[in-house]
Amino acid sequence: MNNIVAIVGRPNVGKSTLFNRLIQRREAIVDSVSGVTRDRNYGKSEWNGKEFSVIDTGGYIRGSDDVFEGEIRKQVELAIDEADVIIFVVDVEEGITPMDDVVARLLRKVTKPVLLAVNKVDNAMREKDAIEFYNLGLGEYYTFASISGSGTGDLLDALIDAFPVKPEPVQEEVVLPRFAVVGRPNAGKSSFINALIGKERFMVTDIAGTTRDAIDTKFDRFGFEFNLVDTAGIRRKAKVKEDLEFYSVMRSVRAIEHADICILIIDATRGFEGQDQSIFWLAEKNRKGVVILVNKWDLVEKETMSTRDYEEKIKKELMPFTDVPILFVSALTKQRLLKALEATVKVYENRQQRIATSKFNEFMLKVIEAYPPPATKGKYVKIKYCMQLPTQTPQFVFFANMPQYVKEPYKRYLENKIRENWDFSGVPIDIYIREK
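Criteria and cut-off values
- Positions within a chain are numbered from 1, following the residues in the order the chain's sequence is written.
- For this predicted model, a pLDDT threshold of at least 70 governs which residues receive local features, and a threshold of 80 or more governs which side-chain atom pairs are given and counted, while totals over whole chains, interfaces and linings are taken from all residues.
- As a rule here, side-chain values come from all non-hydrogen atoms in the structure, and water together with hydrogens is ignored.
- UniProt positions are given in the numbering used here, feature names are shortened, and annotations may be inferred rather than shown by experiment.
- Counting from the N terminus, the helices are the DSSP runs of H or I reaching at least four residues and the strands are the DSSP runs of E reaching at least two.
- When checking whether two residues touch, look at their non-hydrogen atoms; a contact exists if any pair is within 4.5 Å.
- Salt bridges are identified by distance alone: a Lys or Arg side-chain nitrogen within 4 Å of an Asp or Glu carboxyl oxygen.
- We call a residue buried when its accessible area falls under 20% of the maximum for its residue type, exposed when it is over 50%, and partly exposed in between, using a 1.4 Å probe and counting protein chains only.
- Between any two strands, at least two bridges found by DSSP are needed for them to pair.
- Convention adopted: a line fitted to C-alpha atoms gives each axis, helices being fitted over their contacting stretch, and angles between N-to-C directions are expressed from 0 to 180 degrees.
- Asp and Glu count as negative and Lys and Arg as positive, but His and the ends of the chain are not part of the count.
- Throughout this description, any angle smaller than 35 degrees is read as roughly parallel, any larger than 145 degrees as roughly antiparallel, any in the 65 to 115 degree range as roughly perpendicular, and the remainder as oblique.
- Throughout, a crossing is termed right-handed when the near helix is turned clockwise from the far one, and left-handed when it is turned anticlockwise from it by less than a right angle.
- Any residue outside Ala, Val, Leu, Ile, Met, Phe, Trp, Tyr, Cys, Pro, Asp, Glu, Lys and Arg is labelled polar, Gly included; the first ten of those are nonpolar and the last four are charged.
- Polar contacts here mean pairs of N or O atoms no more than 3.5 Å apart (in protein, one a potential hydrogen donor and the other a potential acceptor; neighbouring residues in sequence count only if both atoms are side-chain atoms).

- By the naming in an unreviewed UniProt entry, the protein chain is GTPase Der, taken from Flavobacterium laiguense.
- We quote the UniProt Function (unreviewed entry) comment for the protein chain here in full: "GTPase that plays an essential role in the late steps of ribosome biogenesis."

**Concerning the side chain of Asn 119**
Okay, step 1: Within the secondary structure, Asn 119 is located in strand E5 (residues 114–119).
Okay, step 2: Once you skip the residues sitting within four places of it in the chain, Asn 119 turns out to touch Val 13, Gly 14, Val 89, Val 90, Asp 91, Val 92, Phe 144, Ala 145 and Ser 146.

**Some points on the pattern of salt bridges**
Any two side chains of opposite charge can pair if their charged atoms end up close together.
Okay, step 1: All told, the structure shown has 15 salt bridges when counted by the stated rule.
Okay, step 2: Across the pair Glu 415 and Arg 419 runs a salt bridge, and its minimum N-O distance is 3.0 Å. Placement of the pair is Glu 415 and Arg 419 together in helix H12 (residues 408–421), with a separation of 4 residues, close to one helical turn.
Okay, step 3: Residue classification places Glu 415 among the buried positions, given a relative accessible area of 18%.
Okay, step 4: Residue Arg 419 is classed as buried on the basis of its relative accessible area of 13%.
Okay, step 5: When salt bridges with common partners are traced through the structure, they connect Arg 10, Glu 94 and Asp 100 into a single cluster.

**Focus on the pairing of strand E10 (residues 261–267)**
Okay, step 1: When you tally the buried positions in E10, you get 7 out of 7 residues, the bulk of the element.
Okay, step 2: Neither face of E10 is open: one carries Ile 261, Ile 263, Ile 265 and Asp 267, the other Cys 262, Leu 264 and Ile 266, and all of them are buried.
Okay, step 3: Here strand E7 (residues 178–183) pairs with E10 via 5 bridges, running parallel. Following the sheet pairing, Val 181 is matched in E10 by Ile 263.

**Regarding the sheet that holds strand E15 (residues 430–435)**
Okay, step 1: Across the sheet, which stays open at both edges, the 3 strands sit in the order E13-E14-E15 with mixed pairing between neighbours. Two strands in the sheet have a free side with no partner beyond their single neighbour: strand E13 (383–388) and E15. Neighbour-to-neighbour, the strand axes of this sheet turn through a mean angle of 20°, independent of strand direction.
Okay, step 2: In the sheet, E13 pairs with strand E14 (residues 395–400) via 5 bridges, with the strands oriented antiparallel.

**Here we look at the side chain of Lys 288**
Okay, step 1: Its location among the elements puts Lys 288 in the loop between helix H8 (274–285) and strand E11 (289–295).
Okay, step 2: Despite being buried, Lys 288 has no salt bridge partner; Asp 260 is the closest side chain of opposite charge, sitting 6.1 Å away.
Okay, step 3: Beyond its immediate stretch of four places on either side in the chain, Lys 288 contacts Ile 256, Glu 257, Ala 259, Asp 260, Cys 262, Ala 283, Arg 351, Gly 426 and Pro 428.

**Some remarks on the packing of helix H11 (residues 357–370) against H12**
Okay, step 1: Viewed as axis vectors pointing N to C, H11 and H12 meet at an angle of 135°, and their least axial separation amounts to 11 Å. In terms of axis orientation, H11 runs oblique to H12. Our pair here, H11 against H12, has a crossing hand that is right-handed. Residue-level contacts link Phe 360, Phe 363, Met 364, Val 367 and Ile 368 of H11 to Tyr 410, Tyr 413, Leu 414, Lys 417, Ile 418 and Asn 421 of H12.
Okay, step 2: Counted by class, the contact of H11 with H12 contains 9 nonpolar, 1 polar and 1 charged residues.

**Points about the environment of Gly 183**
Okay, step 1: Tracing the backbone through its elements, the reader meets Gly 183 in strand E7.
Okay, step 2: Residue classification places Gly 183 among the buried residues on the basis of a relative accessible area of 0%.

**Details of the environment of Ser 148**
Okay, step 1: Locating Ser 148 in the fold gives a position in the loop between strand E6 (141–143) and helix H5 (152–162).
Okay, step 2: Along the chain, Ser 148 and Thr 17 lie 131 residues apart, while their C-alpha atoms are 10.0 Å from each other.
Okay, step 3: From its side chain, Ser 148 meets the backbone nitrogen of Ser 150 in a polar contact 3.3 Å long.

Shown next as structure tokens:
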């Protein structure tokens, strides 16, 4: 197990900038608006040959009317519980604020190592100003500037020294499949993950846009092991007003690009809207496996809409790619969540499926013989050989004497026959016709 470091502090002191510097990627959103980081954001870092995990937390606030602040406090306390070492970030420009005192009081009760990190110290005058932070009662402090990186080396040296001694891992790290939970804002993505893992890993409010970062969670219950990625809700571009929301959308798009399977959660009370379709086609365009979960099914009047009617309506919108699992779930009541996981794992297995060339030819050449490609300009197309390509996603090549005359409808026919004989449910298939 890697050591875990939690970065805590009041809002807008530069926690996310430090986090990005440690993981050497722009993973956390950084903005001058306080309260941008809402969920715990995880990343990997390494210093002097030692790897560790970093948690970026939301700013710790007390006495605020903002609905998010109580949730942020809970998230910070959870992060402190998970961490081996805590970095408490303060701002030399503003000095010790009442909120710094509140956080310091919380951290003085913690038995784990706490490193007091004074940010924005980029000259000798500010170095002198930092002395006042001894008054927080947390002992030695470390000065740095997260934007330029000045002083972070000393902070990291102290961090490595503070790690508890742990036995070296014996097994090699396995690269786990990544399942991205995607959908419109407020469809129930975070509630779905919280219900699966059995604890409040993500913040849930009834306000759209609560989740702003794409965040990984390792999942190893019910015999399944993979990474779940909760993403910010994706809205239409016309609705993306704030810069913040723009970053969230980009993060979600990137999560789709780096996922193996996309779990598309739609709101049963709103139906399969245009934005849900856009997300579906974004996943399909990236050749990802897709499972559609109709969430909040417990709120739908069953007399007006049966599961069969609802499913047919969705599939009509997805033409011609209709071979997609659609499940009706409720994150609130945990209805059919295990079935949803099993369907997702099955789609992942379908995507990894490899068909032996001999079996593929034996079946497909008979299919082609029974219904050959239509003749064009009196010329007959002959397909004599076919195979699956050794690619990450299912791709098949058919060798013909005149590939230019094989049109899209016939490619769809070949795809449908492949799907009839082998289970590629939820997985996009590519068909290529090449000259023999």
